[in-house]
Amino acid sequence: MNLHDIGWNDRLESLFAPFKNSNLFPARVTRVNRGAVTVQSEIGATVASIAGRLSPDGELGQPAVGDWVGIDPSESDGVVRVILPRSGSLSRRRPGEGDCEQVAAANVDLVFVVESLDRGPNPRRIERASAIAWDGGATPVVILTKLDLCDDLEASIGKAREGAPFVDVMAVSAETGEGIDLLAGVLVPRSTAVLLGPSGVGKSTLTNRLLGEERLAVAEVREGDRKGRHTTTFRELVVLPDGACLIDTPGIRELGLWLDSGAIGAAFPEIGEAAGRCRFGDCRHETEPGCAVLEAVELGNLDPARLASFQRLRREAESLEMRRDESKRHEVRARERNFGKMVRQALKYKNRG
Ligand code: GDP
Ligand code: ZN
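Each chain has its residues counted from 1, running along the sequence as written. By the order in which they are written, chains take letters starting at A while ligands take numbers starting at 1. It should be noted that, the model being predicted, local features are given only for residues of pLDDT at least 70 and side-chain atom pairs only at 80 or more, the latter also being counted only at that level, while totals for whole chains, interfaces and linings use all residues. Where side-chain values are given, they derive from all heavy atoms of the structure, hydrogens and water being excluded.

## So, the site of ligand 1
- For ligand 1, the set of nearby residues contains 15 residues, the closest of which are D148, G200, K203, S204 and T205.
- Under this definition, polar contacts are N or O atom pairs within 3.5 Å; protein pairs additionally need one hydrogen-donor-capable and one acceptor-capable atom, and for neighbouring residues in sequence, both atoms have to be side-chain atoms. At 3.3 Å from an oxygen atom of ligand 1 is found a main-chain nitrogen or oxygen belonging to E175.
- Separating an oxygen atom of ligand 1 from a backbone N or O atom of K203 is a distance of 2.8 Å.
- Areas reported here follow the Shrake-Rupley algorithm with a probe of radius 1.4 Å; residue values treat only the protein chains shown as occluding. Coverage of ligand 1 by the protein chains reaches 71% of its 580 Å² of free accessible surface.
- Grouping the constituent residues of the shell around ligand 1 by class yields four nonpolar, six polar and five charged. Consider each residue's heavy atoms; a residue with any of them within 4 Å of a molecule or strand counts as near. Each residue receives one of three labels: charged for Asp, Glu, Lys and Arg, nonpolar for Ala, Val, Leu, Ile, Met, Phe, Trp, Tyr, Cys and Pro, and polar for the others, Gly being one of them.

The following block contains the structure:
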């Protein structure tokens with residue numbers, strides 16, 4: 001398999017340049033298991049374990065689906081030694097471990113915000129998912145599925161636009177195939193898209209439809225485990241016949257995703273535009289005098305529901321950030337304790353000597 005067919009490009013080429021003369025080879029993560037990853041590379045699909053210490057600053061942490069990694073083949077199964085810096089990623093809070101950030105999908109260009117037309121799109125969910133996409137450096141596109149079950153498309157599109165007035169909305173049916181061509185049109189070769197949305201809206205069915213007849217060939221890999229047995233697993237990153245990659249991972253199906261208050265503005269450009277005329281640079285558009293945003297609402301130039309959504313998402317992100325800062329402080333204190341221990345130990349040796 002050619003690396004370009006799974007998204008390799010000039011950016012990655014130059015990032016990998018320092019490893020050109022090492023024994024590392026580049027590969028893309030298609031699935032993450034405990035302590036190991038499934039990767040796709042020029043030699044096909046293989047399993048590699050993850051090196052204990054990936055990056056000393058811990059910034060890149062663990063590999064995620066969609067990551068480009070350098071694999072060291074000199075050890076048994078191959079070992080992930082480096083993770084190349086990401087462009088566009090979706091993060092979420094790690095369940096059960098406070099509010100640590102965990103990258104759920106990396107090197108993402110498009111986020112398909114999937115909602116179904118039988119239940120009707122949920123504008124609040126669309127708003128949140130779009131904000132998360134912009135926040136992660138990717139472009140959201142709203143996909144309304146089950147078009148064959150819809151009797152008032154105009155009304156549903158209107159509902160979807162309520163949540164994301166500046167985002168493209170497409171309606172498709174995986175059942176009849178209607179709209180699939182249009183969707184395939186935005187999935188340009190070498191780009192990577194992620195499916196985001198609650199279960200039952202038709203993400204798997206859509207993936208199958210886009211894969212067509214090639215599903216079994218590309219979505220299933222036979223992996224040899226360490227005992228030499230072969231098991232069949234589904235990859236979470238699949239390559240579509242036209243050359244785009246599609247990520248559908250359980251890890252990002254729920255919307256418990258990371259949100260950055262600074263980036264929420266991207267989902268509300270009309271508010272940002274008005275905010276430029278507020279009297280105070282740090283105006284929160286709540287009760288401040290000379291607030292151009294409140295004025296725009298009063299004059300009927302800005303939808304009050306959008307301002308309310310903006311405030312809601314910002315509050316949510318800010319409370320998350322507060323908790324994140326709190327856990328950072330804990331981390332620093334723990335490190336200081338460890339350092340103290342090290343110093344004491346060093347002094348003990350010195351006193352002995
Ligand atoms: P996921 O949980 O988001 O992956 O949803 P699934 O792909 O499993 O689909 C949930 C249900 O919706 C299944 O019973 C599908 O057959 C059905 N479904 C998916 N897409 C369509 C569609 O375009 N039209 C109709 N009528 N049903 C669909
Ligand atoms: Zn203001």
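## A word on the coordination of the zinc ion (ligand 2)
- For Na, K and Ca the donor cut-off is 3.2 Å; for every other metal, N, O and S atoms count as donors within 2.8 Å. Water does not enter the count, which can leave sites looking incomplete. Protein coordination at the zinc ion (ligand 2): the donors are C278 (SG), C283 (SG), H285 (ND1) and C291 (SG), at 2.1 to 2.4 Å from the metal.
- Sites are called tetrahedral only when four donors show all angles between 85 and 135 degrees, square planar or octahedral only when four or six donors show opposite pairs over 155 degrees and all other angles between 65 and 115, and irregular in any remaining case. In this structure, the zinc ion (ligand 2) is coordinated by four donor atoms arranged in tetrahedral fashion, with angles at the metal of 103 to 116°.

## Re the nonpolar core
- By size, the foremost hydrophobic cluster in this structure holds 37 residues, and its most contacted members are W8, W68, V111, V142 and L144.
- With four residues, helix α2 (residues 123–135) is the largest single contributor of residues to this core.
- As used throughout, domain bounds are those supplied by an automatic or database domain assignment. Looking at this core, you find at least three residues from each of domain 1 (3–83) and domain 2 (89–248).
- Sequence-distant contacts of W68, that is, excluding residues within four places in its chain, are made with L3, I6, G7, W8, L12, A27, R28, V82, I83, L84 and N107. Each nonpolar core is a collection of buried residues, namely Ala, Val, Leu, Ile, Met, Phe, Trp, Tyr and Cys, held together in the definition by side-chain atoms within 4.5 Å. For each residue, the accessible area found with a 1.4 Å probe, counting protein chains only, is set against the maximum for its type, and the residue is called buried under 20%, exposed over 50%, and partly exposed in between. Put simply, DSSP marks the helices as runs of H or I at least four residues long and the strands as runs of E at least two long, and each gets a number from the N terminus on. In this description, contact between two residues means that some pair of their heavy atoms is separated by no more than 4.5 Å.

## Regarding the sheet that holds strand β1 (residues 25–33)
- Pairs of strands are assigned from DSSP output, requiring at least two bridges between the strands. In space, the five strands of this closed barrel follow the order β1-β2-β3-β5-β4, with mixed pairing throughout. Each strand axis lies, on average, 55° off the axis of its neighbour in the sheet, ignoring direction.
- Across four bridges, the pairing between β1 and strand β4 (residues 68–72) is antiparallel. Following the sheet pairing, R28 is matched in β4 by W68. Under this scheme, a helix contributes an axis fitted over its contacting stretch, all axes are lines through C-alpha atoms, and angles between N-to-C directions fall in the 0 to 180 degree range.

## A few points about the environment of A45
- Tracing the backbone through its elements, the reader meets A45 in strand β3 (residues 44–50).
- A relative accessible area of 34% places A45 in the partly exposed class.
- In this structure, the C-alpha to C-alpha distance between A45 and R28, residues 17 residues apart in sequence, is 9.5 Å.

## A word on the pattern of salt bridges
- Any carboxyl oxygen of Asp or Glu that lies within 4 Å of a side-chain nitrogen of Lys or Arg is treated as forming a salt bridge with it. Taken as a whole and judged by the stated rule, the model has 12 salt bridges.
- Between K20 and E13 there is a salt bridge, and its shortest N-O distance comes to 3.2 Å.
- Residue E13 is classed as partly exposed on the basis of its relative accessible area, which comes to 33%.
- The partner of R314 in a salt bridge is E286, and the shortest N-O contact between them spans 3.3 Å. Residue R314 is located in helix α10 (residues 304–352), and its partner E286 is located in the loop between α8 (269–275) and α9 (292–298); the two are separated by 28 residues in the primary sequence.
- Looking at R314, the relative accessible area reads 9%, which means it is buried.
- On the basis of relative accessibility, which here comes to 40%, the residue E286 falls in the partly exposed class.
- Each member of the salt-bridge network shares a partner with another, and the members are R124, E127 and R312.

## A short note on unusual backbone geometry
- Its identity as a non-glycine residue notwithstanding, N107 has a phi of 55°, on the positive side.
- When you line up the elements, N107 lands in the loop between β7 (101–106) and β8 (110–116).
- In the Ramachandran plot, H285 falls in the positive-phi region, its phi being about 55° despite a non-glycine side chain.
- Topologically, H285 is positioned in the loop between α8 and α9.
- Residue H285 is classed as buried on the basis of its relative accessible area of 6%.

## Digging into the pairing of β8
- Taking burial as the measure, the seven residues of β8 include seven buried ones, the bulk of the element.
- Where β8 meets strand β9 (residues 139–145), seven bridges bridge the pair, whose relative direction is parallel. Across the sheet, the residue bridging to S116 is T145, located in β9.
- A clockwise path from the first strand over the helix to the second, with the strands pointing away from the viewer, defines a right-handed crossover. In this fold, the crossover linking β8 to β9 by way of α2 has right-handed handedness.
- In the sheet, β8 pairs with strand β11 (residues 192–196) via four bridges, with the strands oriented parallel. Across the sheet, residue V111 finds its bridge partner in β11, namely V194.

## Overview of α2
- In a helix, the anticipated span is given by 1.5 Å times the number of residues less one. Taking 1.5 Å of rise per residue, 13 residues should cover 18 Å, and α2 covers 18 Å from first to last C-alpha, within 8% of that figure.
- The complete set of buried residues in α2 reads P123, I126, E127, R128, A129, S130, A131, I132 and A133.
- A distance of 2.9 Å separates the backbone nitrogen of R124 from a side-chain oxygen at the start of α2, and that oxygen is part of N122.

## A short note on the packing of aromatic side chains
- In this analysis, rings of Phe, Tyr and Trp, with Trp reduced to its six-membered ring, are considered paired at centre separations within 6.5 Å, and the interplanar angle assigns stacked below 30 degrees, edge-to-face beyond 60, and tilted for intermediate values. Evaluation of the coordinates by the stated rule reveals four aromatic pairs.
- Summarising the aromatic geometry, the rings of W8 and F16 are spaced 6.1 Å apart at their centres and angled 75° between planes, so their arrangement reads as edge-to-face. Across the pair, F16 and W8 agree in class, each one buried.
- A centroid spacing of 4.9 Å and a plane angle of 65° characterise the contact between W8 and W68, whose relative ring orientation is edge-to-face.

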